Amino acid sequence: QVQLVESGGGLVQSGGSLRLSCAASGRAFSDYYKAWFRQAPGNEREFVAVISRYGGTTLYADSVKGRFTISRDNAENTVYLQMNSLKPEDTGVYYCAADNSAALRTLATIWNYWGQGTQVTVSS
């Protein structure tokens, strides 16, 4: 099993930046794909970004392409989400997810392990 803990959320003005971190523990971090999802009040959980086991492949939601960057440091058992040019519509709770077979899939229901989430609020 894998345990995930997110950090780095907060309040930022439109156009600003935040860097989210997700620290993993449990087993075989490098065997797991990692992803970020977000959920705004009244909305379903939506895909943001995913990264392959060793960081060689990434995929982003169209809404964040060019603004967000996902990366991972397997030596530190951590995945990151660098968020630039933030918009009010980026506001929500951000969750990291892990799975050993999810590959680059974007549906939340197929991911096995989830963190508690961290709040990101972008003011206009």
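Now for a quick tour of the structure. The model shown is predicted, which means the values in this text are computed figures rather than measured ones. (Residues numbered from 1 in each chain as written. Predicted model: local features only at pLDDT ≥ 70, side-chain atom pairs only at ≥ 80, totals over all residues. Heavy atoms only, no water.)

1. Thoughts on unusual backbone geometry
To be explicit about the condition: Comment: elements are numbered from the N terminus, with helices defined as DSSP H or I runs of at least four residues and strands as E runs of at least two. Categorising residues by exposure relies on relative accessible area from a 1.4 Å probe, with only protein chains included: less than 20% of the type maximum marks a residue as buried, more than 50% marks it as exposed, and the intermediate range marks it as partly exposed.
A positive phi is found at Asn 77, a non-glycine position, where the angle reads about 55°. The backbone phi angle of Ser 85 is positive, close to 50°, even though this residue is not glycine. With respect to the helices and strands, Ser 85 occurs in the loop between β8 (78–83) and β9 (92–99). Of the residues examined, Ser 85 reaches a relative accessible area of 41% and is grouped as partly exposed.

2. Observations regarding the pairing of strand β1 (residues 3–7)
The line we're drawing: A pair of strands is labelled paired if DSSP reports no fewer than 2 bridges between them.
A one-sided burial pattern is seen for β1, the buried positions being Leu 4 and Glu 6 and the unburied ones Gln 3, Val 5 and Ser 7. Both β1 and strand β3 (residues 18–25) contribute to a ladder of five bridges, which runs antiparallel. If you follow Glu 6 over to β3, its bridge partner there is Cys 22.

3. Let's talk about the side chain of Thr 118
Inclusion rule: Between N or O atoms, a polar contact is any pair within 3.5 Å; within protein, one atom must be a potential hydrogen donor and the other a potential acceptor, and residues adjacent in sequence are included only when both atoms are from side chains.
With respect to the element layout, Thr 118 can be found in strand β11 (residues 118–123). On the basis of relative accessible area, Thr 118 is assigned to the buried category, the value being 10%. A polar contact of 3.2 Å, which involves the side chain of Thr 118, links it to the backbone nitrogen of Gly 9.

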